[in-house]
Amino acid sequence: MSFLWPAGLGFLALIPGILLLYFLRLKRDVRVVSSTFLWRKAVDAYRVNRPFQKFQNHLLLWLQLIAVLLLSVAASRPYAERRQRTTGIHIVLLDHSASMSVREEGGYTRLVLARAFLRDMVGGLKSGERMMVIGFSDRPFVAAPLTSDRAALIRGVNSVEPTSRPTRIEEAWHTALSVARQFDLSDIYLLSDGGFRVLPQLTQAHANVHYIPFGKSRDNVGIVHVETRESDEAERRIEIFARTVNRRDQPVRTTVELRFGDRLVDAQAIEIPAGGERGVVFERPSQEEGMAEIRLGDGGAFAADDRAWIPLGGSDIVRVVLVGEENVFLKQALAMIPRLELTVVAPADFAKVRSKLGESDLVVFDGPDPGPLERGTFLFLGGVPPVPGFGAGKDLENPTLLKWDAEHPLTRYINFSTLHVGKAIQVTVPSWGRTLLSSDHGPIISVGERAGLRVACVAFRILDSDWPMRVSFPIFFANAIRWAREEDPGSGERVVRPGQPLVVRAPREPQSGTILDPAGHSSPIAAAGSDHAIVGDTEKIGVYRVKWEKRTSEVLYAVSLTDPGESDIRVPDRIEMGGTALEAREGSAFVRTEFTPWLAFLGLAVLIAEWLVYQFHRGRA
Amino acid sequence: MRQQLLSPEFLRKLEQLEIVARRPFAGRIRGEHRSVRRGHSLEFADYRNYIQGDDLRFVDWKIYARLDRLFLKLFMEEEDLFVYILLDASHSMGMGEPLKLPFARKVTAALAYLALAGTHRVSIQPFDAGLRPYLPAVRGRGAFAEVSTFLEGVGASGATDTRSAFADFRRRLRGSGLVFVISDLFDRKGILDGLKQFLAGRFDVTVLHLLSADEEVPAFEGDWRLVDVEDGGEVALSMTAQLLEGYTRTVRAFRGEQQGLCGRLGFRYLPIRSDLSLEGMFLHRFREQGVLR
């Protein structure tokens, strides 16, 4: 027999108290007798002969002791386990996401505990029973195929290593179901800390699903979100915003540091309420650029979310080439962007600068057709990009603007509802393109990115609209500059989550280099004719340094967890599956029988009996 | 009042009995079996049936002529036999189940009646820690009403101190006689010093040790704080079968101790209990024990 709440046995400490009360017995019924001296003699003689006479055959005392014993044991929630009747097919989903690395009481991580439990399960397999082990984090892998070979299963269990990845169970679940469907009935065991909360429904499979949670700790303070944003002030300074959460039951006071590499740049002391969150804002130091790190002073039992990174610019100088006739409004809008280096080229002179376009961050064509384009970032105003897939249709008069994409970096923060366009061109957008602002006659603003070529198309001339009079006008061009430099505050492509592929932009020449991971391991990297290279091994949290051959400078990338779900290390007692609750079995693949209700009932019955006996004695007295 | 104490039937039966003195006393009535003085018949006291061996000089021949039955004329001596009954009226005598004091009153009344019927002088002295107002010596059956009235007025109060009470009693007492002590003997200091007061002088002492049934075998269970009705002393106990057995053993030892003590002093010890039948006690037990005949 085991106990779910062994601390309940602490109530047994009441027994010495009851015995002591019986010794002291301060409150007794009074009975007047002729004389006490015979009684005194009898009691003295009795005590000498039997020092513990009060414990013998004293019905009330025995009843009280039995009641306390029963209720104490009931409070400790005793249970007995027996192996449940199984189907012989065991499919085990073993969570090895980042949160399974939380250290529990005793110093073991949740994954270590889960693996130990699973090894016991393997050891308990009966002849003919088969088991399959699927490790999962944000993706599944088959650690051991369906087999009755215990050695292979143990090897498979041991191969499930801790990761820094978030939890995404869907794929693993479908993998398990695909196996379960091959059998009439099977058992699926979920060994996890329940980071997913909700499980997809069982579809076309008959299985007993057992949720076996691991971990109890709530000791975590973490960073769940980091972004940069412009301040509302006129200087439009960049601010770094970090959101921290506290999963503990008590408020926590800690420091949040802003670092660039090993240098501490700024620090703030904050207090996060119990179970709450707190935002922290750092002003970006003007001279700093590169990969900023936000670091928590006291992060608790889960370390993976104590640090987060965000890139801050590559170069402060923005090079923009404007090809077109003189346009005061356009020049003014671009001139408002700080540290912008604007080169205005007349259409007639475009051929002269064409070869140097690669040095620019953005080329804006205000009207003219530049001819075929290969690589670079281009914005077309009142013209259709000369890129296959884009096409021009008829002229449009007073198109009615319908909807726009408020999420895209180009059209973010803009309200187009007050914009009035007099003339526009009907534009055809290729399948790899995307419409950002649409009208009743087709796309008005569209964008396409393909093989190193990034084009944006505004289907009307600036002067054919009242846009220069609108607030959205300068914002659009500021967005365009950020889009061109990939300084997207939200997307953060230079920062990915653990396990996600890192897309490293490659220069045209050279196309090979090295990448240094946070542990200091260097690996070769190659673009192989593409404008980017894919780095798949992003398990380690931290900064990845990419250095292309013949280049002196490094480009920094980072892997950061910043996942609110993963930082929530609380282990739920139940998870939902297809609208029904799946109760936790708390580390047991056995059928558990709790005796608490019976013991509590018996304890109460004894208490009632004790009361009745007491009343009976009182009545007789 | 008299009817409440003793029934007429019981009194009639008592008339067949006589108190047996274990030693001869001055003041015995002429016509009795044993006497230290002779030929000093002064005052007619009573009649009684002739028993073989009686002195024929005291037969009332006039009655014989009239009734054809032999009656003996009894005459009082100048020094009559005194019967002193010391009745414990302390607080503890008001306890017990059945109550001890009412029973003790009846025993006292019966003894007094026996004495009055035997033409003795009877004096009743209630006591607790000291002496209470007493019934001066009375004689003759006619005084039984007075005895009964007196006994009805005796209530339980005060602590028990036999030494002090008996010493006072002894100082007041002159002469000799039969002494009956009716008490539960719950005297913390013991009764030895009290009883010793009767060693000097010619006294035939009989101690009637009265306890109630529940004092011998208590009928309660559980946890109690027992309070002494006399001195307020307390004993906390949890009544168990073992303790009950120990207590009854202690009571037996207490009885035995008192008996031994009386025996050493040459006194008679009679254990009695308040739930006993008065008739059984007087008509059988006391006769068997030689107290009455």
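Keep in mind that what you see is a predicted model, and the values were worked out from it rather than measured. (Residues numbered from 1 in each chain as written. Chains lettered and ligands numbered in written order. Predicted model: local features only at pLDDT ≥ 70, side-chain atom pairs only at ≥ 80, totals over all residues. Heavy atoms only, no water.)

S.K.: Even after reading the chapter, I still don't get the overall build of chain B, so can you show me in this structure?
M.R.: The secondary structure content of chain B amounts to 10 helices and 10 strands. When contacts within chain B are restricted to residue pairs at least 6 apart in sequence, long-range pairs at least 24 apart make up 75% of them. Summed over all atoms, the accessible surface of chain B reaches about 12,800 Å², with 50% contributed by carbon and sulfur. (Helix = DSSP H or I, 4+ residues; strand = E, 2+ residues; numbered from the N terminus. Contact = heavy atoms within 4.5 Å. Areas by Shrake-Rupley, 256 points an atom, 1.4 Å probe, with all protein chains shown as cover.)

S.K.: Please clarify how the overall build of chain A should be interpreted in this entry.
M.R.: Within chain A, the regular secondary structure consists of 11 helices and 36 strands. Burial status across chain A gives 48% buried among its 621 residues. The long-range fraction of contacts in chain A, counting pairs at least 24 apart against all pairs at least 6 apart in sequence, stands at 68%. Summed over all atoms, the accessible surface of chain A reaches about 29,900 Å², with 53% contributed by carbon and sulfur. (Buried < 20%, exposed > 50% of the residue type's maximum accessible area, 1.4 Å probe, protein only.)

S.K.: Got a minute to help me understand the pattern of salt bridges in this structure?
M.R.: When the charged atoms of two side chains with opposite charge come close together, those side chains can pair. Evaluated as defined, the whole model comprises 40 salt bridges over all chains. Put simply, E277 of chain A and R243 of chain A hold a salt bridge, and the shortest N to O gap is 3.1 Å. Of this pair, E277 of chain A sits in strand β14 (residues 277-283) while R243 of chain A sits in strand β11 (residues 238-246), and the two are 34 residues apart along the sequence. Classification of E277 of chain A as partly exposed rests on a relative accessible area of 43%. Taking the relative accessible area as the measure of exposure, R243 of chain A reaches 25% and is therefore partly exposed. Its salt-bridge partner being E279 of chain B, residue K13 of chain B comes within 3.0 Å of it at the nearest N-O pair. Note that K13 of chain B is positioned in helix α2 (residues 8-14) and E279 of chain B in helix α10 (residues 278-288), a separation of 266 residues in sequence. When its relative accessible area of 29% is taken as the criterion, E279 of chain B is described as partly exposed. (Salt bridge = Lys/Arg side-chain N within 4 Å of Asp/Glu carboxyl O.)

S.K.: Could you clarify how one ought to interpret the packing of helix α4 (residues 110-123) of chain A against helix α5 (residues 150-158) of chain A in this entry?
M.R.: All names here are of chain A. Relative to each other, α4 and α5 sit at 170°, their axes nearing to 10 Å. It follows from the interaxial angle that α4 and α5 lie roughly antiparallel. Taking contact as the criterion, the partners of R115, L118, R119, V122 and G123 in α4 are, on α5, R150, L153, I154, V157 and N158. Looking at side-chain class alone, the contact of α4 with α5 contains five nonpolar, two polar and three charged residues. (Axes fitted to C-alpha atoms, helices over the stretch in contact; angles between N-to-C directions. Parallel < 35°, antiparallel > 145°, perpendicular 65-115°, else oblique. Nonpolar A, V, L, I, M, F, W, Y, C, P; charged D, E, K, R; others polar.)

S.K.: What am I meant to see in the pairing of strand β4 (residues 121-127) of chain B here?
M.R.: Looking along a regular strand, one sees side chains alternate from face to face of the sheet. All names here are of chain B. Among the seven residues that make up β4, six are buried, leaving the element largely enclosed by the rest of the structure. Assessed by its sense of winding, the connection that carries the chain from strand β3 (residues 82-88) through helix α4 (residues 100-117) to β4 is right-handed. With two bridges connecting them, β4 and strand β5 (residues 135-138) associate as antiparallel partners. Bridging across to β5, I124 finds its partner in L135. (Right-handed = clockwise from strand over helix to strand, strands pointing away. Pairing = 2+ DSSP bridges.)

S.K.: Whenever I open this one, unusual backbone geometry confuses me. Can you help?
M.R.: Residues apart from glycine generally show negative phi values, whereas peptide bonds are mostly found in trans. Of the consecutive residues E97 of chain B and P98 of chain B, the connecting peptide bond is found in the cis state with omega at 0°. Locating P98 of chain B in the fold gives a position in the loop between β3 and α4. Phi at N398 of chain A is positive, roughly 45°, even though this residue is not glycine. Note that N398 of chain A resides in the loop between β21 (391-397) and β22 (401-404). One non-glycine residue, L185 of chain B, lies in positive phi territory at about 60°. For L185 of chain B, the location among the structural elements is in the loop between β6 (177-183) and α7 (192-196).

S.K.: Explain the sheet that holds β6 of chain B to me, please; I cannot follow it from the model alone.
M.R.: All names here are of chain B. Here we have six strands laid out as an open sheet, ordered β5-β4-β3-β6-β7-β10, and mixed in their pairing. Each edge of the open sheet carries a strand with a single partner, namely β5 and β10 (268-273). Across the sheet, the axes of successive neighbouring strands diverge by a mean angle of 15°, strand direction being ignored. Relative to β6, β3 runs parallel, the two sharing five bridges. Paired with L87 across the two strands is I182, which belongs to β6. The sheet strands contacting α4 are β3, β4, β5, β6, β7 (203-211) and β10, and the helix crosses β3 at an angle near 180°. Seen against the sheet, helix α6 (residues 162-172) touches β3, β4, β6 and β7 and runs at an angle of roughly 145° to β4.

S.K.: Looking at this model, I keep getting lost on the sheet that holds strand β8 (residues 222-228) of chain B. Mind explaining?
M.R.: Backbone-to-backbone hydrogen bonds join strands into a sheet, with any given pair of strands oriented parallel or antiparallel. Reading across from one edge, β2(A)-β8(B)-β9(B) is the order of the three strands in this open sheet, with mixed pairing throughout. The sheet terminates laterally at β2 (29-33) of chain A together with β9 (234-239) of chain B, the two strands that pair on one side only. Across the sheet, the mean angle separating the axes of adjacent strands is 35° when strand polarity is ignored. Inspection of the sheet shows β8 of chain B paired to β9 of chain B by six bridges, in the antiparallel sense. Bridging from a neighbouring strand, D223 of chain B pairs with S238 of chain B of β9 of chain B.

S.K.: Mind showing me how you'd approach helix α9 (residues 241-265) of chain B here?
M.R.: It helps to recall that an α-helix has 3.6 residues per turn; residues three or four apart then point in one direction. In a regular helix each residue adds 1.5 Å, so 25 residues correspond to 36 Å; α9 of chain B covers 36 Å between its end C-alpha atoms and thus fits that length. Count one or two residues on from α9 of chain B and you reach G266 of chain B, which has phi positive near 80°. (Expected span 1.5 Å × (residues − 1).)

S.K.: Any chance you could explain the interface of chain A and chain B here in plain terms?
M.R.: By a widely used convention, the size of an interface equals the accessible area lost when the partners come together. On the side of chain B, 35 residues touch chain A, which itself brings 29 residues to the contact. Interface area, chain A with chain B, both sides summed: about 3,200 Å², of which 62% is carbon and sulfur. Along the contact surface separating chain A from chain B lie zero salt bridges. Linking chain A with chain B are nine residue pairs in polar contact (both at pLDDT 80 or more). At the level of secondary structure, the elements contributing two or more residues to the side of chain A that touches chain B comprise β2, α2 (37-49) and α11 (596-620) of chain A. A total of nine residues in the side of chain A that touches chain B trace back to one element, the largest contributor, which is α2 of chain A. When its residues are assigned to classes, the side of chain A that touches chain B shows 11 nonpolar, eight polar and 10 charged. (Buried area = accessible area lost by both parts, 1.4 Å probe. Polar contact = N/O pair within 3.5 Å; in protein donor to acceptor, adjacent residues only side chain to side chain.)

S.K.: I tried to follow the pairing of strand β5 (residues 130-136) of chain A on my own but got confused; where do I start?
M.R.: Residues and elements named next belong to chain A. Buried residues dominate β5, accounting for six of its seven residues. Note: strand β4 (residues 89-95) against β5, seven bridges, orientation parallel. Note on β5: the bridge partner recorded for L94 is G135. Crossover connection from β4 via α4 to parallel β5: handedness right-handed. Sheet topology note: the β5/strand β6 (residues 140-147) ladder contains five bridges and is antiparallel. Directly across from G135, in β6, lies its bridge partner F141. Taken together, β5 and the strand that follows it, β6, pair antiparallel across an intervening segment of three residues.

S.K.: What is the right way to look at the confidence of the model for chain B in this model?
M.R.: Residues and elements named next belong to chain B. Per-residue pLDDT for chain B averages 84, and the proportion of residues at 70 or more is 89%. Taking the mean pLDDT of every element in chain B, the minimum, 60, falls on helix α1 (residues 2-5) and the maximum, 94, on β10. Low pLDDT, under 50, characterises residues 27-41; the stretch is placed with 48 contacts to residues that sit more than four places away or in other chains. Interface scoring of the predicted complex returns ipTM 0.80; its pTM is 0.43. (pLDDT = per-residue confidence, 0-100.)

S.K.: Help me out: how do you make sense of the packing of helix α7 (residues 328-335) of chain A against helix α9 (residues 472-485) of chain A in this one?
M.R.: Residues and elements named next belong to chain A. At a closest axis distance of 9 Å, the pairing of α7 and α9 adopts a crossing angle of 60°. On the basis of their axis angle, the class for α7 and α9 is oblique. Once α7 is placed against α9, the crossing between them reads as right-handed. Facing α7, whose interface residues are F329, L330, A333 and L334, α9 presents F473, P474 and F477. Tallied by class, the residues present in the contact of α7 with α9 amount to seven nonpolar, no polar and no charged. (Left-handed = near helix turned anticlockwise from the far one by under 90°.)

S.K.: In this structure, what is going on with the environment of R172 of chain B? I would like to understand it.
M.R.: All names here are of chain B. Topologically, R172 is positioned in helix α6. Look past the residues within four positions of R172 in its chain and what remains in contact with it is Q125, L131 and Y134. Separated by 2.3 Å, the side chains of R172 and Q125 make a polar contact. A distance of 3.4 Å separates a polar atom in the side chain of R172 from a polar atom in the side chain of Y134.

S.K.: How should the side chain of T147 of chain A be read in this particular structure?
M.R.: Residue and element names in this part refer to chain A. You can see T147 is positioned in strand β6. Taking relative accessible area as the criterion, T147 reaches 16% and is therefore assigned buried. Within polar-contact distance, the side chain of T147 engages the backbone nitrogen of D149 at 2.9 Å. Those residues in contact with T147 that sit more than four places away from it in its chain are E129, R130, M131 and L153.

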